[in-house]
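The primary structure of each chain is shown beneath.
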Amino acid sequence: MAIVNITQMLNRALKNHYAILHANVINYDMAKTVMLTAQENKSPIIVAISEKALKGFANAHDFVQLIHHIVKQYRITVPIAIHLDHGEYKTVLAAIEAGFTSVMYDGSKLPLQINLRNTRKIVTLAHAKKISVECEVGTVPGKLEDNGVQGQLASLEECKLMAETGIDALAAGIGNLHGNYPHDWQGLDLTRLKEIHQTLPNIPLVLHGGSGIPDKQIKKAIQLGVCKFNVGTELLTAFSNALAYYFIEGGYKSKHGYDPRNYIPQGLSKTKDVITKKLKFLGSYNKAK
């Protein structure tokens, strides 16, 4: 099966009340770790890259070829989606042409009518190539960018209008944030999430900013239609903490301890641990059938 779009995996997860992990990666090592861990746990997974991280590659096509290479080299058989996260209009168009199997167009900061107009164009282009489309209403800010305030809640009317464009997944702001959550964060607005799910019961819902949300709220969100769960910060933090420990403990002083080949695997091992835990917690473990 290997490389697919997100539509079938999300619809299956929605029907059976579990969630698919969307793991943001920044380079080859992280992408390989994510995919091998999914293979080991027999779980479908979404390998995602943000517009900002994509700038680390020559172009969008290079990233797509990287994922194809890993699939072939390591004989990956579980469903893998190649997903653009939070892309602006032009970047989404480039991702569609480059062979991404799924794109997230983020026009949430634009006036609603422009967001909807752009989304309709993207849906037409993407669906012609069997590429899935995710879009956002409301806002999911970053804590540092927005001083820790809650994101703007998506209204039911906005959600209905966005669903009518033909998208395959909806990211609706329900108080979630990107990055680490501040101590005074008020939590997810599960009441709004319930209203959205009741209004659009057949639309897979997406929870951005998954790093740091309490387990109890995540479980409730899955019951209320969330079947795509985005994680990025938590993976990078696990990697960085492992490297920090290595240097603080003086690992670099050992023979060849200065060589990145001796400490990068330690960071990737901790990243793998987080991914494994998430796959089992979200319920996608052993669902790659």
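Quantities reported herein were computed from a predicted structural model and do not represent experimental measurements. (Residues numbered from 1 in each chain as written. Predicted model: local features only at pLDDT ≥ 70, side-chain atom pairs only at ≥ 80, totals over all residues. Heavy atoms only, no water.)

Peer 1: I'd like to hear about the overall build of the protein, residue by residue, with values.
Peer 2: Tallying secondary structure elements over the protein gives eleven helices and nine strands in all. Relative to the globule expectation of 19 Å for 289 residues, the C-alpha radius of gyration of the protein, 19 Å, shows essentially globular dimensions. Taking the principal axes of the C-alpha coordinates as reference, the protein spans close to 60 × 45 × 35 Å. Looking at the protein as a whole, 54% of its 289 residues qualify as buried. Counting only contacts in the protein whose residues sit at least 6 apart along the sequence, the fraction spanning at least 24 positions is 72%. Here the protein contributes 33 positive and 24 negative side-chain charges, whose respective centroids are spaced 8 Å apart. (Helix = DSSP H or I, 4+ residues; strand = E, 2+ residues; numbered from the N terminus. Rg over C-alpha atoms; globule rule 2.2 N^0.38 Å. Buried < 20%, exposed > 50% of the residue type's maximum accessible area, 1.4 Å probe, protein only. Contact = heavy atoms within 4.5 Å. Lys, Arg positive; Asp, Glu negative; His and termini not counted. Charge placed at Lys NZ, Arg CZ, Asp CG, Glu CD.)

Peer 1: An account of empty space enclosed by the protein is requested, with residue identities and associated values reported.
Peer 2: Over the atoms a probe the size of a water molecule is rolled, and this reveals where empty space is left. Taken as a whole and judged by the stated rule, the model has one cavity of 30 Å³ or more. Roughly 30 Å³ of volume is contained in the largest cavity. What lines the largest cavity is simply A172, I174, L193, L205, V206, L207 and V226. At three residues, the largest contribution of residues to the lining of the largest cavity is made by strand 8 (residues 205-207). Taken together, the residues of the lining of the largest cavity break down into seven nonpolar, no polar and no charged. (1 Å grid on protein atoms, 1.4 Å probe; cavity = no way out; pocket = protein on both sides within 12 Å on 5 of 7 lines; lining within 4 Å. Points joined across faces, edges and corners; volume = space filled by probe spheres on them. Nonpolar A, V, L, I, M, F, W, Y, C, P; charged D, E, K, R; others polar.)

Peer 1: Now, about the environment of T124: what can you tell me, with residues and values included?
Peer 2: Checked against the element boundaries, T124 lands in helix 6 (residues 112-127). Classification of T124 as exposed rests on a relative accessible area of 56%. Put simply, T124 and I167 are 43 residues apart on the chain and 9.7 Å apart in space, counted from C-alpha to C-alpha.

Peer 1: Would you mind going over the pairing of strand 4 (residues 80-87) in detail, with residue names and values included?
Peer 2: With respect to burial, strand 4 is a largely interior element, eight of its eight residues being buried. Relative to strand 4, strand 1 (residues 3-4) runs parallel, the two sharing two bridges. For V4, the partnering residue across the bridge sits in strand 4 and is A81. In terms of strand pairing, strand 3 (residues 45-50) meets strand 4 through six bridges, oriented parallel. Each bridged residue has a counterpart across the sheet, and for A48 the counterpart in strand 4 is H83. Bridge count for strand 4 against strand 5 (residues 102-105) is three bridges, and the pairing is parallel. (Pairing = 2+ DSSP bridges.)

Peer 1: Requested: an account of unusual backbone geometry, with residues and values cited.
Peer 2: Of note, the phi angle at H17 is positive, near 60°, even though the residue is not glycine. By the secondary structure assignment, H17 is in the loop between helix 1 (7-16) and strand 2 (20-24). Positive phi outside glycine occurs at H86, with the angle close to 55°. Take H86: it is sitting in strand 4.

Peer 1: Could you give an account of the packing of aromatic side chains, with specific residues and numbers?
Peer 2: Scanning the entire structure with this criterion turns up six aromatic pairs. With a centroid separation of 5.4 Å and an interplanar angle of 75°, the aromatic rings of F57 and F63 are classed as edge-to-face. Among the residues examined, F63 registers a relative accessible area of 0% and is labelled buried. Ring centres 5.2 Å apart and planes at 85° place the aromatic pair Y246 and F247 in the edge-to-face group. Since its relative accessible area comes to 9%, Y246 is described here as buried. (Phe/Tyr/Trp six-rings, centres within 6.5 Å; stacked < 30°, edge-to-face > 60°.)

Peer 1: Give a detailed account of helix 1, specifying residues and quantitative values.
Peer 2: Inspection of helix 1 places M9, L10, A13 and L14 among the buried residues, and these make up the whole buried set. Buried positions in helix 1, seen along its axis, are confined to an arc of 130° and lie on one side of it. Turned more than 90 degrees off the buried face of helix 1, the exposed positions are Q8 and K15. Positive phi shows up at H17, right after helix 1, with a value of about 60°. (Arc of directions from axis to C-beta.)

Peer 1: Help me get a handle on the pairing of strand 2, residues and values and all.
Peer 2: Most of strand 2 is tucked away: five of the five residues are buried. Burial along strand 2 is two-sided: the residues I20, H22 and N24 and L21 and A23 are all buried. Strand direction decides the pairing type here: strand 2 and strand 9 (residues 226-231), joined by four bridges, are parallel. Paired with A23 across the two strands is V231, which belongs to strand 9. Looking at chain direction, strand 2 and strand 3 are connected through three bridges and run parallel. Its bridge partner being in strand 3, N24 is matched across the sheet by A48. In terms of handedness, the path from strand 2 via helix 2 (residues 28-40) over to strand 3 forms a crossover that is right-handed. (Right-handed = clockwise from strand over helix to strand, strands pointing away.)

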